[in-house]
Amino acid sequence: EAQAPRHLEARLVEAGEGAARVHGLEEGVEVRLAALLHAVEAPAALKVHLAPQGPAPAPARGSADAEANRLYLIARSKVRERGLENTQSAIRLFDDAAAIDPAFAGAHAGKALALTLLWGNHGVGDGRMMLSDAEKSARRSLELDPGSSEAEVALGRVAEQSWLVTGQNRSTEAGEHFKRALE
């Protein structure tokens, strides 16, 4: 059954290079919007139209550093856009965000997921090395944020892709990571 669209007043929290973050004034809902307002320079307020698409994602745990957050948001946007160049660019941006704030769990998890996409979707790089790097980044993210769903998804992708390079069937392990990501 289709739900009626919701209207939400929101204020701009942060914007830069194709990414913006707004804070909803209704129930403190935070909404992340990518590739928004390329031509608009820091409006004081936005009127955001939201149509329900399912359960809202858990709020992301960001960095205390605004530049690290900005790079992270741009990288996430590039991952969603897919494609070889976007994925490679996202990995560099996640690295840059993690270099600014080494304790930024999201940057490590994002890189891990992007690495699995780079190898799994585009066949770029040495599979063993890419999956090893992805696993290290995801595990680092979990050290920093034990509840990181993004890191669990990345570990699930590493486990499901590993049979291609090692011949090991890790589908049960992959399922466990995906299940934890949903918890």
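The coordinates are above.
This text gives an overview of the structure that appears in the document. Bear in mind the structure is a predicted one, so any value in this text is a computation, not a measurement. (Residues numbered from 1 in each chain as written. Predicted model: local features only at pLDDT ≥ 70, side-chain atom pairs only at ≥ 80, totals over all residues. Heavy atoms only, no water.)

Regarding helix α6 (residues 171–182)
And then number 1: With twelve residues, α6 should cover 16 Å at 1.5 Å per step; its first-to-last C-alpha distance of 17 Å lies within 8% of that length.
And then number 2: Residues of α6 that are buried: Ala174, His177 and Ala181. The arc that holds every buried residue of α6, seen down its axis, measures 65°, which confines them to one face. Every exposed residue of α6 that faces more than 90 degrees away from the buried side is listed here: Thr172, Lys179 and Leu182. (Helix = DSSP H or I, 4+ residues; strand = E, 2+ residues; numbered from the N terminus. Expected span 1.5 Å × (residues − 1). Buried < 20%, exposed > 50% of the residue type's maximum accessible area, 1.4 Å probe, protein only. Arc of directions from axis to C-beta.)

Brief notes about the side chain of asparagine 69
And then number 1: Relative to the elements of secondary structure, asparagine 69 occurs in helix α1 (residues 66–81).
And then number 2: At 2.6 Å, the side chain of asparagine 69 and the backbone oxygen of serine 63 are in polar contact. (Polar contact = N/O pair within 3.5 Å; in protein donor to acceptor, adjacent residues only side chain to side chain.)

So, the nonpolar core
And then number 1: Counting residues in each nonpolar core, the largest one holds 33 residues, and the members touching the most others are Val79, Phe94, Ala97, Phe104 and Ala138.
And then number 2: Contributions of two or more residues to this core are made by α1, α2 (84–100), α3 (105–122), α4 (127–144) and α5 (149–166).
And then number 3: For valine 79, the contacting residues outside a window of four places in its chain are Ala90, Phe94, Ala114 and Leu117. (Core = buried A, V, L, I, M, F, W, Y, C linked by side-chain atoms within 4.5 Å. Contact = heavy atoms within 4.5 Å.)

Observations concerning the environment of phenylalanine 94
And then number 1: By secondary structure assignment, the location of phenylalanine 94 is in helix α2.
And then number 2: For phenylalanine 94, a relative accessible area of 1% puts it in the buried group.
And then number 3: A sequence separation of twelve residues divides phenylalanine 94 from glycine 106, and the C-alpha atoms of the two residues are 8.5 Å apart.
And then number 4: Those residues in contact with phenylalanine 94 that lie beyond four places of it in its chain are Tyr72, Ala75, Arg76, Val79, Ala107, Gly110, Lys111 and Ala114.

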